[in-house]
Amino acid sequence: STKFQMQLLHTLAVVLTGALAVSGGKTKPAPKPIPLKWGVLAFPRYVGLDAYGPLELLNIVAFSTPNMTLSIVAETMDYVPASISNSAGPLTWVKPTYTIDQDPELDVLLIPGGPGSRVAYNNTRIIDYVKRTYPKLKYIVSVCTGAQVLAKAGILNGKRATTNKFAWAEMVASGPGVNWVPCARWVVDGNIWTSSGVAAGIDMAHAFTKTVYKNETLADRA
């Protein structure tokens, strides 16, 4: 009957109003998918620990995370030398997985620092790759003076960021549009994570796993 229909509609309205009141009038957003495809940008004379420290931690995370992949992206498929060397030349090299021209599909791009970041800063191909890749990423991450590359690409303009403290004056000068944070081991601004030098990258990777993967137990284990 019409009277029954009106009562039913009234009851539904009361239930809906109560539900909206409990939720603050907002529907609960679906959880974001976790980033699975990591890439590390390698260029000659990067600091090994800037890259390998986070990679070692992420490698353990990958053991417990189905479909998670780690890769190295460089200008060419030639082995890329790190900054440690002796009179005979570089002692460590890394083998790229992709070239920047292949534009691999990534969720996160990590940029290490080191003496080579000063060269990468002036390498148009490297900077263009970072510029065109960033909009497709879930996150972008830098360690040490790798923040200089992000600054040159314009990604840090108006953003909070940090970098290596020994090279602080140089980094600040190279990114005048950045809100540099001097007393921080790492800084998060939106989907941009930047850390201080060398071993601070490991701490940042630990915090990233705990925060983004929402798994403190796994982060601590790694």
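Refer to the structure printed above.
What you see is a predicted model; the values in this text were computed from it and never measured.

1. Some words on the layout of surface pockets
Taken as a whole, the largest pocket spans an internal volume of roughly 310 Å³. Lining of the largest pocket is provided by 14 residues; of these, Lys32, Pro33, Tyr139, Val212 and Lys214 occupy positions nearest its centre. Partitioning the lining of the largest pocket into residue classes produces eight nonpolar, three polar and three charged.

2. Here's the deal with the sheet that holds strand β9 (residues 139-143)
An order of β7-β2-β1-β8-β9-β13-β12 is seen for the seven strands of this open sheet, with the pairing classed as mixed. With partners counted over all chains shown, the strands left at the sheet margins are β7 (98-99) and β12 (186-189), one partner each. Note that strand β2 (residues 69-74) and β7 share two bridges and pair parallel. Looking at β7, one finds that valine 73 is bridged to tyrosine 98. The strands touched by helix α2 (residues 48-63) within the sheet are β1 (37-41), β2, β8 (108-111) and β9, with β2 carrying the most contacts at an inclination of about 160 degrees. Helix-sheet contacts for helix α7 (residues 200-212) involve β1, β8, β9, β12 and β13 (192-195), and the interaxial angle to β13 is about 150 degrees.

3. Concerning empty space enclosed by the protein
Tallying each qualifying case throughout the model produces one cavity of 30 Å³ or more. For the largest cavity, the calculated volume is near 30 Å³. As for the largest cavity, its lining consists of Val40, Ala42, Tyr46, Ala51, Tyr52, Leu55, Ile72 and Val94. Considering every element that reaches the lining of the largest cavity, the biggest residue donor is α2, with three residues. For the lining of the largest cavity, the residue count by class is eight nonpolar, no polar and no charged.

4. Here we look at the nonpolar core
Within the largest apolar cluster, 55 residues are counted, with the highest numbers of intra-cluster contacts made by Leu41, Ile111, Val130, Ile140, Leu156 and Phe208. For this core, the element with the most residues is α2, which contributes six residues. If sequence neighbours within four positions are ignored, leucine 41 has contacts with Val73, Ile100, Leu109, Leu110, Ile111, Pro112, Ile126, Tyr129 and Val130.

5. Description of the pairing of β2
Here β1 runs beside β2; their pairing, made up of five bridges, is parallel. From the neighbouring strand, leucine 41 faces β2, where its bridge partner is valine 73. In this region the chain leaves β1, passes through α2 and returns to the parallel neighbour β2; the handedness of that crossover is right-handed.

6. Describing α2
For α2, spanning 16 residues, the distance from its first C-alpha to its last is 22 Å, which sits close to the expected 22 Å at 1.5 Å a residue. Of the residues making up α2, those classed as buried are Gly48, Asp50, Ala51, Gly53, Pro54, Leu55, Leu57, Leu58, Val61 and Ala62. As for α2, its buried residues are in contact with β1, β2, β8, β9, α7 and α8 (216-221).

7. Some points on the packing of aromatic side chains
Across all of its chains, the model carries six aromatic pairs by this definition. Taking the ring centre of tyrosine 121 as reference, the NZ or CZ of lysine 152 above it sits at 4.3 Å.

8. A short note on the environment of asparagine 123
Here asparagine 123 lies in the loop between α3 (115-121) and α4 (124-133). Exposure remark for asparagine 123: the relative accessible area of 18% places this residue in the buried category. Spatially, the C-alpha atom of asparagine 123 lies 9.5 Å from that of valine 149, the residues being 26 residues apart in sequence. Within polar-contact distance, the side chain of asparagine 123 engages the side chain of glutamate 75 at 2.9 Å. Within the structure, the side chain of asparagine 123 is placed 3.0 Å from the backbone nitrogen of arginine 125, a separation counted as a polar contact.

9. Remarks on the packing of α2 against α7
Contact pair α2 / α7: the axes reach a minimum separation of 8 Å and the direction vectors enclose 30 degrees. As far as their axial angle goes, α7 and α2 are roughly parallel. When the axes of α2 and α7 are compared, the crossing they make is right-handed. Note on element contacts: α7 touches α2 through Gly201, Ile202, Ala205, His206 and Thr209, opposite Leu49, Gly53, Pro54, Leu57, Leu58 and Val61. In the contact of α2 with α7, the residues fall into seven nonpolar, four polar and no charged.

About the criteria used
Residues numbered from 1 in each chain as written. Predicted model: local features only at pLDDT ≥ 70, side-chain atom pairs only at ≥ 80, totals over all residues. Heavy atoms only, no water. 1 Å grid on protein atoms, 1.4 Å probe; cavity = no way out; pocket = protein on both sides within 12 Å on 5 of 7 lines; lining within 4 Å. Points joined across faces, edges and corners; volume = space filled by probe spheres on them. Nonpolar A, V, L, I, M, F, W, Y, C, P; charged D, E, K, R; others polar. Pairing = 2+ DSSP bridges. Helix = DSSP H or I, 4+ residues; strand = E, 2+ residues; numbered from the N terminus. Contact = heavy atoms within 4.5 Å. Axes fitted to C-alpha atoms, helices over the stretch in contact; angles between N-to-C directions. Core = buried A, V, L, I, M, F, W, Y, C linked by side-chain atoms within 4.5 Å. Buried < 20%, exposed > 50% of the residue type's maximum accessible area, 1.4 Å probe, protein only. Right-handed = clockwise from strand over helix to strand, strands pointing away. Expected span 1.5 Å × (residues − 1). Phe/Tyr/Trp six-rings, centres within 6.5 Å; stacked < 30°, edge-to-face > 60°. Lys NZ or Arg CZ within 6 Å of the ring centre and 35° of its normal. Polar contact = N/O pair within 3.5 Å; in protein donor to acceptor, adjacent residues only side chain to side chain. Parallel < 35°, antiparallel > 145°, perpendicular 65-115°, else oblique. Left-handed = near helix turned anticlockwise from the far one by under 90°.

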